[in-house]
Amino acid sequence: MKFYDFSAKEMDGQEIKMEKYKGKVVLIVNTASKCGLTPQFEDLEQLNREYKERGLEILGFPCNQFAKQDSGSNEEIQNFCQLNYGVSFTMFEKIDVNGKTAHPLYKFLKDEAKGLLGKEIKWNFTKFLLDSEGNVIKRYGPTISPLKIKVDIEKLLKN
């Protein structure tokens, strides 16, 4: 399977096929509203504003699997992201990223780019960068600032 074979539901419940992002550089992040890393939303939004016109798409996937740091409803999460960080990139419904109930997209991402814990996601704000052909290029740990990924994003946008 490829990235474009998957789909996920946006916060409003609309099913979105990942093929919508063909030709785009994509940064996928599992997020949380009550995490010490939550301020990364600000950096993600900065990347979104800076690179969206050039072909970057940021996709946020809230997850409550790490210390229950995103226990709110999808609506509460969306409101939090918009009010506190001005998030305008696409946020999807809350999903699981690890275990038997992990979203199929995340099973794919973890198979394509392993991390410190092998295929498992270590914590909130793990990031996956995909090129414009849907290939997983790199996985970044939770504490890596989204702004430190700019160099890799720019390389992919130039192609």
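Refer to the structure above for everything that follows.
The shown structure was predicted, so the numbers you read here are calculated from the model rather than taken from an experiment.

Each value, and the rule that gives it
- Residues numbered from 1 in each chain as written.
- Predicted model: local features only at pLDDT ≥ 70, side-chain atom pairs only at ≥ 80, totals over all residues.
- Heavy atoms only, no water.
- Helix = DSSP H or I, 4+ residues; strand = E, 2+ residues; numbered from the N terminus.
- Rg over C-alpha atoms; globule rule 2.2 N^0.38 Å.
- Buried < 20%, exposed > 50% of the residue type's maximum accessible area, 1.4 Å probe, protein only.
- Contact = heavy atoms within 4.5 Å.
- Areas by Shrake-Rupley, 256 points an atom, 1.4 Å probe, with all protein chains shown as cover.
- Lys, Arg positive; Asp, Glu negative; His and termini not counted.
- Charge placed at Lys NZ, Arg CZ, Asp CG, Glu CD.
- Axes fitted to C-alpha atoms, helices over the stretch in contact; angles between N-to-C directions.
- Parallel < 35°, antiparallel > 145°, perpendicular 65-115°, else oblique.
- Left-handed = near helix turned anticlockwise from the far one by under 90°.
- Nonpolar A, V, L, I, M, F, W, Y, C, P; charged D, E, K, R; others polar.

Colleague: So what's going on with the overall build of the protein chain? Residues and values would help.
Modeller: What the protein chain contains, in helices and strands, is 4 helices and 7 strands. The C-alpha atoms of the protein chain give a radius of gyration of 14 Å, which matches the 15 Å a tight globule of 159 residues would have. Taking the principal axes of its C-alpha atoms as reference, the protein chain extends roughly 40 × 35 × 30 Å. The proportion of buried residues among the 159 residues of the protein chain is 52%. When contacts within the protein chain are restricted to residue pairs at least 6 apart in sequence, long-range pairs at least 24 apart make up 66% of them. For the protein chain, the computed accessible surface area is about 7800 Å², with 48% contributed by carbon and sulfur atoms. Separation between the mean location of the 25 positive side-chain charges and that of the 23 negative ones in the protein chain comes to 5 Å.

Colleague: Which residues make up the environment of Pro62, and what values go with them?
Modeller: The residue Pro62 is located in strand β4 (residues 56–62) in this model. For Pro62, a relative accessible area of 0% puts it in the buried group. A sequence separation of 51 residues divides Pro62 from Met11, and the C-alpha atoms of the two residues are 9.9 Å apart. Once residues lying within four places of it in the same chain are set aside, the contact partners of Pro62 are Met11, Thr31, Asp70, Ile77, Met91, Phe92, Glu93, Lys94 and Ile95.

Colleague: Please give an account of the packing of helix α1 (residues 40–51) against helix α4 (residues 150–158) that cites residues and values.
Modeller: It is the contact of α1 with α4, at a shortest axis distance of 12 Å, that shows an interaxial angle of 25 degrees. In terms of orientation, α1 and α4 fall into the roughly parallel class. Crossing of α1 against α4: the hand is right-handed. Counting all contacts with α1, which are made through Gln46, Leu47, Glu50 and Tyr51, the residues of α4 involved are Lys150, Ile153, Glu154 and Leu157. Among the residues making up the contact of α1 with α4, the classes are represented as 4 nonpolar, 1 polar and 3 charged.

Just distances and angles here, no functional claims.
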